[in-house]
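Remarks on the overall topology
One-letter residues, chain by chain:
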Amino acid sequence: MSSRPGPPHAGLGTIDVAAVRPGSLTYLPWVSAALIDLTAAVLLIGHRSTPAAVTAAALHLCALVPIGLGSSLASSERLLGMAFTFAIPVLGAPLAALSVRTVGHGELVEADPTALPPAVEAPGSEELRQLGEALPTCEALLAGTSDERRAIVATLTLRGDAVSVALLRWALGAPNPELAVEAALAIEEMTASFEARMAEYRKQLAEGGAPAGTALAAAELASDAIEAGLAETALIPSLAHEARGYFSHALAEDPTRSAAIAIGRARLELAVLHPDAALAAIDEVIAVEGEGVVSTAAGSLSTEGIEMTEMEMLLALRDEAVLATHALPWESASVLASYHPAAPPPLVRRRLSAARRLSGLHTRGVTGGAGVTVGVVQVPSPSNTREVPVEKP
Amino acid sequence: MKSPEADVCLLVEGTYPFVSGGVSSWVHDIILGHPELRFAVLNVGSHPAAYGEPRYRLPDNVVGLHRVFCQESARPPLDGAARADLREQIRGLRATVDTRAQPSRVLAGLRRLHLDGNSDLEAHRSILADLATNDLTLDELLYGRAAFDLLTVVSDQAASEAPFLDLFWHFRAIHVPLLRLLAAPIVPAACYHAIATGYAGLLAAVWSRRSDRPLALTEHGIYAREREMELARADWIRDAAETDDGGFGLRTATWAPHISPLRKMWSSFFRGLSRLAYAQASRIVTLSEVNRGKQIADGAPPAKIDIVPNGVDLSDDAPSPGASRGDDEPDDGLIALRPPPLRVGFVGRVVPIKDLITFIRACDLALHSVELEVRVIGPMEEDPAYATRCRDLVARLGRAQQIAFVGPMPPAKIYGDLDVVVLTSFSEGQPLVILEAYARGVPVVASDVGACREMIEGRDAADQEIGPSGFVTRVATPKETAAALVRLSHDARLRRRMGEAGRRRVAAYYQRRDMLASYRALYASMGAHRALTTSGTSTSSAVEG
């Protein structure tokens, strides 16, 4: 390693990070490899025939041998040299030699050469605790530092799925007003982004000449927004109707994508609590008889035209729809009006049940509308949650 | 002709007189309220093309309007020859900028600002002294060896996880505006008054330091925290790639947050700017107890902080005498009430921070139960896309008959036709809208941000005895706002009681004359009140009259 003094005003030195290899470089392997390659090249140019080409190729491979056997080279240098020689006939070996013998003078870092290296701060107990425990999102939102909280909110915003939106809505009731505002801003940002994209699709489809796949993209966007709980509740019926129209448009545009369209349509119908319509959409594409899957008689498509992953998805959605037809009073408009189409945050659900199981305590949300309703589950507000001992007989 | 030296130089960032809104109207009011003083206004803007024509006519006692820009306007792309020429210029600069005899004190100050950001106020005074020397040129920052050295140190010690190339550009983006400000010619004044921390606060602190004139600082919102919220959502800061699968599994449910070092650096820079202003200011004024707590948490010395709430003229804003009284309302001299429909007003700029979407959704929900006549009163041209989104939502909800966008109106004509004012903002300081509504006996439904809660429910025991003058709701919760509207619509007596409480609250705590008196005393203590010292009584009566 060499060093030279830095500019006087800075009072700093420049450290040359020199990639100095120990010992001198032996040129024999490189020259041999280059000569063998050169011979192969001359042979190839002089005799344009298949045997000559095969011989030249064999010679080119032989050129790797002197480098591979070079005892003065480190294994990494051998590997580098062989790669160069193989990839660049004739010139590869000299280039590799140049590369290996080059003593670097790259100025990688600048620091006071006399100064001690900066002390690396040992992780504190807080960092270790976080590393070890990886706080649940809800708790991290409530208990983390403002930087952590913002990082979480930013990532939830980037994800924008149903769980993220449910968590952000849950955070609106947080005792920390700054967290509530950040969550509100994040939801607003996602809603604005959805509306802007939807408006763009609407414009393209209304003007005609939209690129292929626009209708399906618009329909899926609307389905995603309903599923994630970003769509305006009062407008869900009209948005769903609009999405159905786009799915039909997409099917007319490209009938070969019927499976993907059925998946999207089924997701939409499940999200708006119409599992019967989801079932119908799926059964238009497939028919289920006992355990096996056969092609539908009514359509021109068969299961052979459906990819395995799509089929798995369709069957999973079908199961969900069958369950949903038995589980929800989906005909009721009032349910739709109060519907928050997101699954409960899994961790909240898991932790609540774990708390009951492990501590023998019941967690009960205090009434007053401070909680958030997700699906049929009322998730209590973080500020209004209290634990009540179970009265034992 | 050279303008006369001002008594007070007001330094604002991006607001008065080019943007309408709460802070701008407050500045305008302060200038109008002190006709005996000569004001200079320094507006710190991003670049010349960012603002249009002034929205306010400058009062006669404004002796100068000055502008400083943090960035240049965008330049057209260079052609091949010009690019080559520029490369030559940069090469030449690199050879010449490293010729200074002494290390730059500005760079030394910046180094401490980045690396010792949490140090005490004395250390920040010392940083400020270094920055005030302005001994670093823009070329030296952009092309000099010493500036690059600082960048590498910051990279090693404060942002080691950040990609160096990203850090390089962010380092420039942070410091170029700062150097432009440091190089701005000083506006001479007897004292300086910054209406925020941030860039305006820094410039005020530097000028105060250089000229040895006192500095007062008024914060409506908390600048550093507002910037942090902005930074958390800024898409121009590239974060590390997401490694999570984004699914619904365990990794979604547990969390080890990754804090972007670049966001952290920006955030710590803005906090540093706040501390510099807090360190130099002789007095720090805030609007509410909530904000005072935040300032102290951010490093402001408690002894320097005064709470001076906003104020309105009660006498000029009496309830409309023509209001008809409901049949069941006794003629007891209280505010009269109109029969349904309930007239609901949203008063403010139609911009995302005001969360008009929540207001519209709340009105839509309430309209399922009660009759409402809703008006959105305020300018709509500041964010046309948002205004369009709001109008579209109203149309899609089928509420165009009930919710009207009426545009801006003079304050005197707004509140006489309203029964309740709603504010659903994501962020507020101490909204004048609430005080103006109170002055007219109009109750308020407001989100729980800034000082709204203490304005509605009272800030101390004596204030709380007056009773609530409206409802506080959680942010972005339309059903709570709707519930409040339904209740106010059904309960006329409650509405009147709350309206009366609002008027009493203004009379007790939020009078404009009290606010002006506080600032008059503040300016006098800073040596700005030459006019008052010679004709004190007459000037005072002129202001209050």
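Being a predicted model, the structure only gives us computed values, none of them experimental.

**With respect to the overall build of chain B**
What chain B contains, in helices and strands, is 22 helices and 13 strands. For chain B, the proportion of its 545 residues judged to be buried stands at 56%. Counting only contacts in chain B whose residues sit at least 6 apart along the sequence, the fraction spanning at least 24 positions is 75%. Total accessible area on chain B is roughly 22,700 Å²; 52% of this is exposed by carbon and sulfur atoms.

**Looking at the sheet that holds strand β12 (residues 444-447) of chain B**
All names here are of chain B. Pairing is parallel across the open sheet formed by 6 strands, whose spatial order is β10-β9-β8-β11-β12-β13. Since the sheet does not close on itself, it has two edges, and those belong to β10 (403-405) and β13 (470-473), each with one partner. This sheet shows a mean twist of 20° between the axes of neighbouring strands, independent of strand direction. Judged from the 3 bridges that link them, strand β8 (residues 342-347) and strand β11 (residues 420-423) form a sheet pairing that is parallel. What sits directly across from V344, in β11, is V420. Packing against the sheet, helix α13 (residues 356-367) makes contact with β8, β9 (372-377), β10 and β11, and its axis sits at approximately 170° to β9.

**Details of helix α9 (residues 223-232) of chain B**
Counting buried positions over the 10 residues of α9 of chain B gives 8, a clear majority of the element. All buried positions along α9 of chain B are accounted for by Y223, A224, R225, R227, E228, M229, L231 and A232 of chain B.

**Description of the packing of aromatic side chains**
Residue and element names in this part refer to chain B. A full pass over the atoms with the stated rule returns 15 aromatic pairs over all chains. The interplanar angle of 65° and the centroid separation of 5.9 Å between the aromatic rings of Y223 and F270 together place this pair among those described as edge-to-face. One end of the pair, Y223, is in helix α9; the other, F270, is in helix α11 (residues 261-280), and 47 residues separate them in sequence. You'll find Y223 and F270 in the same group, each marked buried. Within the aromatic cluster, the residues linked to one another by ring pairs are Y199, Y223, W236, W266, F269 and F270. We note R67 situated over the ring of F18; from NZ or CZ to the ring centre the distance is 3.8 Å. The side chain of R227 reaches across the aromatic face of Y223, ending 4.6 Å from its centre.

**Comments concerning the pairing of strand β1 (residues 6-13) of chain B**
Residues and elements named next belong to chain B. By the criterion of burial, β1 is predominantly enclosed, with 7 of the 8 residues buried. Of the strand pairs in this sheet, β1 and strand β2 (residues 39-45) are connected by 6 bridges, and their pairing is parallel. Looking across to β2, one finds that V8 is bridged to F39. Crossover connection from β1 via helix α1 (residues 22-33) to parallel β2: handedness right-handed.

**Considerations on the pattern of salt bridges**
Inspection of the entire model under this criterion finds 41 salt bridges over all chains. Here R225 of chain B ties to D298 of chain B by a salt bridge, and the two come within 3.0 Å at their closest N and O atoms. In this pair, R225 of chain B is assigned in helix α9 and D298 of chain B in the loop between α12 (289-297) and β7 (305-307), connecting sequence segments 73 residues apart. With respect to class, R225 of chain B is no different from D298 of chain B; both count as buried. Between D463 of chain B and R505 of chain B there is a salt bridge, with its nearest N and O atoms 2.7 Å apart. Placement of D463 of chain B in helix α18 (residues 461-465) and of R505 of chain B in helix α20 (residues 492-509) is noted, with a sequence separation of 42 residues between them. Residues joined by salt bridges that share partners form a network here, namely R149, R150, E178 and E182 of chain A together with R225, E228, R271 and D298 of chain B.

**Some points on the environment of M409 of chain B**
Residues and elements named next belong to chain B. Secondary-structure assignment places M409 in the loop between β10 and α15 (411-414). Judged by relative accessible area, which is 29%, M409 ranks as partly exposed. Sequence spacing of M409 and G378 is 31 residues, and the spatial spacing of their C-alpha atoms is 6.9 Å. Those residues in contact with M409 that sit more than four places away from it in its chain are I377 and I414.

**Describing a nonpolar patch on the surface**
Residue and element names in this part refer to chain A. A contiguous nonpolar patch, built from Y27, V31, L35, L38 and V42 and spanning about 470 Å² of accessible area, is present on the exposed surface. The residue Y27 is located in the loop between β2 (13-17) and α1 (28-46) in this model. Judged by relative accessible area, which is 44%, Y27 ranks as partly exposed.

**Notes on the nonpolar core**
In globular proteins that are soluble, nonpolar side chains generally tend to be buried together. L168 and I226 of chain A together with Y415, V421, I434, L435 and V444 of chain B are the most contacted members of the largest nonpolar core, which totals 83 residues. Counting residues per element, this core draws most heavily on helix α10 (residues 177-207) of chain A, at 13 residues. Beyond its immediate stretch of four places on either side in the chain, V421 of chain B contacts G345, Y415, V433, A437, V442, P443, V444 and V445 of chain B. With 69 residues, the next largest nonpolar core counts A40, V68, L107 and A147 of chain B among its residues.

**Focus on the confidence of the model for chain A**
Low pLDDT marks regions whose predicted coordinates should not be analysed in detail. All names here are of chain A. Residues with a pLDDT of 70 or more make up 64% of chain A, whose mean pLDDT is 72. Counted against residues more than four places away or in other chains, residues 106-110, with its pLDDT under 50, gives 16 contacts. Note on residues 330-393: pLDDT under 50 across the span, and 105 contacts to partners over four residues away in sequence or across chains.

**Overview of the side chain of E182 of chain A**
Structurally, E182 of chain A is set in helix α10. Judged by relative accessible area, E182 of chain A falls into the buried class, the value being 6%.

**A short note on the packing of helix α11 (residues 214-228) of chain A against helix α13 (residues 258-271) of chain A**
In a pair of packed helices, the angle between the axes and the distance between the axes together describe the arrangement. Residue and element names in this part refer to chain A. As a packed pair, α11 and α13 sit with axes 9 Å apart at the nearest point and diverge in direction by 30°. Between α11 and α13, the crossing angle belongs to the class labelled roughly parallel. The way α11 lies across α13 gives a crossing that is left-handed. In this structure, α11 uses L216, E220, S223, D224, I226 and E227 to contact α13, whose residues at the interface are A260, I261, G264, R267, L268 and A271.

**Structural notes on the state of the cysteines**
Throughout the structure, instances matching the rule amount to 0 disulfides over all chains. Lacking any disulfide linkage, C9 of chain B is separated from the closest cysteine sulfur, that of C191 of chain B, by 8.9 Å.

Conventions we followed
- Residues numbered from 1 in each chain as written.
- Chains lettered and ligands numbered in written order.
- Predicted model: local features only at pLDDT ≥ 70, side-chain atom pairs only at ≥ 80, totals over all residues.
- Heavy atoms only, no water.
- Helix = DSSP H or I, 4+ residues; strand = E, 2+ residues; numbered from the N terminus.
- Buried < 20%, exposed > 50% of the residue type's maximum accessible area, 1.4 Å probe, protein only.
- Contact = heavy atoms within 4.5 Å.
- Areas by Shrake-Rupley, 256 points an atom, 1.4 Å probe, with all protein chains shown as cover.
- Pairing = 2+ DSSP bridges.
- Axes fitted to C-alpha atoms, helices over the stretch in contact; angles between N-to-C directions.
- Phe/Tyr/Trp six-rings, centres within 6.5 Å; stacked < 30°, edge-to-face > 60°.
- Lys NZ or Arg CZ within 6 Å of the ring centre and 35° of its normal.
- Right-handed = clockwise from strand over helix to strand, strands pointing away.
- Salt bridge = Lys/Arg side-chain N within 4 Å of Asp/Glu carboxyl O.
- Patch = residues over 30% accessible without salt bridge, like charges linked within 9 Å, V, L, I, M, F, W, Y side chains within 5 Å.
- Core = buried A, V, L, I, M, F, W, Y, C linked by side-chain atoms within 4.5 Å.
- pLDDT = per-residue confidence, 0-100.
- Parallel < 35°, antiparallel > 145°, perpendicular 65-115°, else oblique.
- Left-handed = near helix turned anticlockwise from the far one by under 90°.
- Disulfide = S-S within 2.5 Å.

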